[in-house]
Amino acid sequence: MKIIAIGRNYAAHIEELQNEKPTEPVVFLKPDTALLKNNEPFYHPEFSENIHHEVELVLKIKKEGKYIDPKFARNYYNEIGIGIDFTARDLQQKCKEKGLPWEIAKAFNGSAPIGEFRPIANYPDVANISFHLDVNGERRQTGNTSLLLFSFDVILAYVSQFFTLKTGDLIFTGTPAGVGKVAIGDRLEAYVEQEKLLDFEVK
Ligand code: MG
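Fair warning: this is a prediction, and the values are worked out from it, not measured in the lab.

1. With respect to the coordination of the magnesium ion
Stage number 1. Within the first shell, the magnesium ion binds the protein through Glu54 (OE), Glu56 (OE) and Asp85 (OD), at distances of 2.0 to 2.1 Å.
Stage number 2. Read from N- to C-terminus, the donor residues coordinating the magnesium ion fall into the pattern E-x1-E-x28-D. Summarising the burial analysis for this pair, Glu54 and Glu56 share the class buried.

So, in structure tokens, the structure goes:
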């Protein structure tokens, strides 16, 4: 399986990092070794002193497809969950300055913790799903799909031009504002609507 991730998909987050608003989705990949499941702890890597949390809604692909028409994109995902796109911001900054790819800053071991998934049918309006992240019991990030620059269907159609989507692939759909540094000992709890689907510690 593969993990496809979308960057710069919420305006307030683009502003906090002083990035440019994209005209097309910003896409990168993570390998399956980035996954952390079952609330396993995240071991803070030694190569970075500034690992940021980015809470994101995650779509699970239910059937193979490529060159998907946005009109039919909804038929290709049936579950939604929540995850963290951990980012070594210090390494990413160096990569950006040199115009180099981001993988070492975004796709390292354990950089994609995911929680439980739920049928997307549980949420009556896909364009109005709220989610949030608490760190040590304090609200750090709050998002809602009504604020997405590129909708789920547009993202799916766009990425499927380049990568055949396969059953079980995951799409991280972008983070809202409020990203910040994590430290050893932190506890991260992520919610879709009011349901906690992810809960783990940084070790
Ligand atoms: Mg992200």
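2. Structural notes on helix α4 (residues 152-159)
Stage number 1. Of all eight residues in α4, six are buried, a share of seventy percent or more.
Stage number 2. Buried residues in α4 make contact with β1 (3-7), β2 (26-30), β5 (55-61), β6 (77-84) and β12 (170-172).

3. Notes on empty space enclosed by the protein
Stage number 1. The final tally for this structure, using the stated rule, is one cavity of 30 Å³ or more.
Stage number 2. The volume enclosed by the largest cavity comes to roughly 120 Å³.
Stage number 3. What lines the largest cavity is a set of 17 residues, among which Gly7, Arg8, His13, Glu54 and Lys106 lie closest to the centre.
Stage number 4. Residue assignment for the lining of the largest cavity shows that the elements contributing at least two residues are β1 and α2 (89-98).
Stage number 5. The element best represented in the lining of the largest cavity is α2, accounting for three residues.
Stage number 6. The class makeup of the residues in the lining of the largest cavity is four nonpolar, six polar and seven charged.

4. Some words on the pattern of salt bridges
Stage number 1. Summed over all chains, the structure comprises 13 salt bridges.
Stage number 2. Arg118 is the partner of Glu116 in a salt bridge, and the nearest nitrogen-oxygen pair spans 3.0 Å.
Stage number 3. For Arg118, a relative accessible area of 18% corresponds to the buried category.
Stage number 4. With a closest N to O distance of 3.0 Å, Lys196 and Asp199 form a salt bridge.
Stage number 5. Overall, the relative accessible area of 18% leaves Asp199 in the buried class.
Stage number 6. Members of the salt-bridge network, linked through shared partners, are Lys30, Glu54, Asp85, Arg89 and Lys106.

5. Some words on the nonpolar core
Stage number 1. Counting residues in each nonpolar core, the largest one holds 45 residues, and the members touching the most others are Ile82, Phe86, Leu156, Ile171 and Leu188.
Stage number 2. Elements supplying a minimum of two residues to this core: β1, β5, β6, β10 (130-135), α4, β14 (187-192) and β15 (195-201).
Stage number 3. It is α4 that contributes the most residues to this core, five residues altogether.
Stage number 4. Those residues in contact with Leu188 that sit more than four places away from it in its chain are His53, Ile84, Phe86, Leu133, Asp134, Val135, Val182, Leu198, Asp199, Phe200 and Val202.

6. As for the sheet that holds β14
Stage number 1. Read across the sheet, four strands follow the order β11-β10-β14-β15 without closing on themselves; strand pairing throughout is antiparallel. Since the sheet does not close on itself, it has two edges, and those belong to β11 (138-144) and β15, each with one partner. Across the sheet, the mean angle from the axis of one strand to that of its neighbour is 15°, orientation sign disregarded.
Stage number 2. Looking at chain direction, β10 and β11 are connected through six bridges and run antiparallel. Pairing of Leu133 across the sheet is with Gln141, part of β11.

7. Some remarks on the sheet that holds β12
Stage number 1. Reading across the sheet, the six strands line up as β2-β1-β12-β5-β6-β9 and stay open at both edges, with mixed pairing between neighbours. Looking at strand neighbours, the two that pair on one side only are β2 and β9 (118-119), the edges of this open sheet.
Stage number 2. Both β5 and β6 contribute to a ladder of seven bridges, which runs antiparallel. Bridge pairing in β6 links Leu59 to Ile80.

Analysis parameters
Residues numbered from 1 in each chain as written. Predicted model: local features only at pLDDT ≥ 70, side-chain atom pairs only at ≥ 80, totals over all residues. Heavy atoms only, no water. Donors = N, O, S within 2.8 Å, 3.2 Å for Na, K, Ca; no water. Buried < 20%, exposed > 50% of the residue type's maximum accessible area, 1.4 Å probe, protein only. Helix = DSSP H or I, 4+ residues; strand = E, 2+ residues; numbered from the N terminus. Contact = heavy atoms within 4.5 Å. 1 Å grid on protein atoms, 1.4 Å probe; cavity = no way out; pocket = protein on both sides within 12 Å on 5 of 7 lines; lining within 4 Å. Points joined across faces, edges and corners; volume = space filled by probe spheres on them. Nonpolar A, V, L, I, M, F, W, Y, C, P; charged D, E, K, R; others polar. Salt bridge = Lys/Arg side-chain N within 4 Å of Asp/Glu carboxyl O. Core = buried A, V, L, I, M, F, W, Y, C linked by side-chain atoms within 4.5 Å. Pairing = 2+ DSSP bridges. Axes fitted to C-alpha atoms, helices over the stretch in contact; angles between N-to-C directions.

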